[in-house]
Amino acid sequence: MKIRNLFFMAMLSVLSVSGIHAQTAEAFRQPYPLGEKISPNPNFTGEVWLAPLSEHRELNVPMFNVTFAPGCRNSWHSHKGGQLLIATAGIGYYQEKGQPAHRLFPGDIVEIAPDVEHWHGAASDSWFAHIAITTNPQNNAAVWLSPVSDEQYHEATTEAESRYAEANKVLTARERAIVAVASYTGKGDLEHLEPALVGALEAGMTINEINEVLVHSYAYCGFPRSLRAIQTFMQVVNERKAKGFDDPVGREATAIDGSRSRYERGRDVLAEISGISADAPKAGYAVFAPTIERFLKEHLFADIFERDLLTYRERELATVSVLAGVGGVEPMASGHMAICLHLGITAEQLSALLNIMETNLGKTYSDPLRGVLNQLTEKR
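So, how was this worked out
Residues numbered from 1 in each chain as written. Predicted model: local features only at pLDDT ≥ 70, side-chain atom pairs only at ≥ 80, totals over all residues. Heavy atoms only, no water. Helix = DSSP H or I, 4+ residues; strand = E, 2+ residues; numbered from the N terminus. Polar contact = N/O pair within 3.5 Å; in protein donor to acceptor, adjacent residues only side chain to side chain. Contact = heavy atoms within 4.5 Å. Expected span 1.5 Å × (residues − 1). Buried < 20%, exposed > 50% of the residue type's maximum accessible area, 1.4 Å probe, protein only. Pairing = 2+ DSSP bridges. pLDDT = per-residue confidence, 0-100. Phe/Tyr/Trp six-rings, centres within 6.5 Å; stacked < 30°, edge-to-face > 60°. Lys NZ or Arg CZ within 6 Å of the ring centre and 35° of its normal.

Peer 1: Mind laying out the side chain of S39, listing which residues take part and the relevant values?
Peer 2: Residue placement: S39 occurs in the loop between β2 (36–37) and β3 (44–45). Only 3.2 Å separates the side chain of S39 from the backbone nitrogen of V48, close enough to count as a polar contact. Beyond its immediate sequence surroundings of up to four residues, S39 is in contact with G46, E47 and V48.

Structural data, given as structure tokens:
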């Protein structure tokens, strides 16, 4: 078996605000047709859909899009000629007999050798779709074995999800909640943001503090994703209220002393959190596009960073998490990870942040920043 990732940032589609268990198969965002429902089926536990993708039989490459409802998986089985899987949407799992289960994210490719016993399907909290390609079709056949029991499924998926649980305790429960909320917001993954928001409330964060994470995020991932995240949180709070939960609203941000200009205040905040003197000569974008430099000082580091509902430490953890979710912005992530280190956040704690990225979003999102973290720690 070999698992690798085919492409970066392949599926950043904005998913339905409604929870995954209320989501229909037709509403599940994926790049290929849903096809026909083939469950109940003796070889699957749960609901599953199948759509043929290859039309020309003379090409001899049968391909199918398979869509799994949350918790659905196929039975233990093998293929006489092997198989290729390409994950395209949602979060799933693949497990070979006697081996740990692997979480699958969009872009992951699984190469399955002939006669290897295995199963694959959706995470318990996520829809999942993959392309199944029949290799060596001239002499290939599926050999179906026993179903994957609820106990086997729970044990396999729990082990994969808790791989970093002990290491991640270097971050507080509140910090881990901020990381999860910010990263799903940055990616635009509302399907999994919803339970992360519930987790943040259960970690003791107030409604206003969580809103502050979502407002803070817009500076790094834009208004559309920030607003969609806030809309999702509104629904979460309203649904919990209807069920009798009394989530604390919390205090408002302290009023800002406006005796100095916003530019001066933002300049000094940036100097404090970065350790770079406010009098340092301007370079790079600050010279090439001075307007953006002014906006950053006045708005981001004054209007936003001065709001005391989150500490500077929490804001930088949120910032790195949002940037990880956005992806492809390693230079910005490097700058903010350096700020984290200056603020006293340890390399071990940043590694825990990236563990959460890997578990929630996949290695495509975490690995580039692990390289950045390694470079930063080598310089220190």
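Peer 1: How would you summarise helix α3 (residues 190–202) if you had to cite specific residues and measurements?
Peer 2: The terminal C-alpha atoms of α3 lie 18 Å apart, and with 13 residues this matches the ideal 18 Å at 1.5 Å per residue to within 8%. For α3, every residue scored as buried is listed here: L190, E191, H192, L193, E194, A196, L197, A200 and L201. Contacts from the buried residues of α3 go to α2 (173–187), α4 (207–221) and α5 (223–242). Backbone nitrogen of E191 and a side-chain oxygen of the N-cap are separated by 3.3 Å at the start of α3; the cap is D189.

Peer 1: Explain the pairing of strand β11 (residues 108–112) to me, using residue names and the numbers behind them.
Peer 2: β11 sits mainly inside the fold: four of its five residues count as buried. Where strand β8 (residues 83–90) and β11 come together, four bridges link them in antiparallel fashion. Within β11, the position partnered with Q83 by the bridge is I112.

Peer 1: Give a detailed account of the confidence of the model for the chain, specifying residues and quantitative values.
Peer 2: Residues at a pLDDT of 70 or more form 94% of the chain, whose mean pLDDT is 93. The low-confidence segment residues 6–21 (pLDDT under 50) makes 57 contacts with residues lying over four places distant or belonging to another chain.

Peer 1: How would you sum up the packing of aromatic side chains? Please name residues and give values.
Peer 2: Under the criterion given, the structure shown has nine aromatic pairs. Ring centres 5.7 Å apart and planes at 40° place the aromatic pair W49 and W127 in the tilted group. You can see W49 sitting in strand β4 (residues 48–52) and its partner W127 sitting in the loop between β12 (118–122) and β13 (128–134), a full 78 residues away along the chain. Of the residues examined, W49 reaches a relative accessible area of 8% and is grouped as buried. The ring of W76 carries K97 above its face, with NZ or CZ at 4.1 Å from the centroid. In this arrangement the basic side chain of R240 is found over the ring face of F245, its NZ or CZ atom lying 4.2 Å from the centre.

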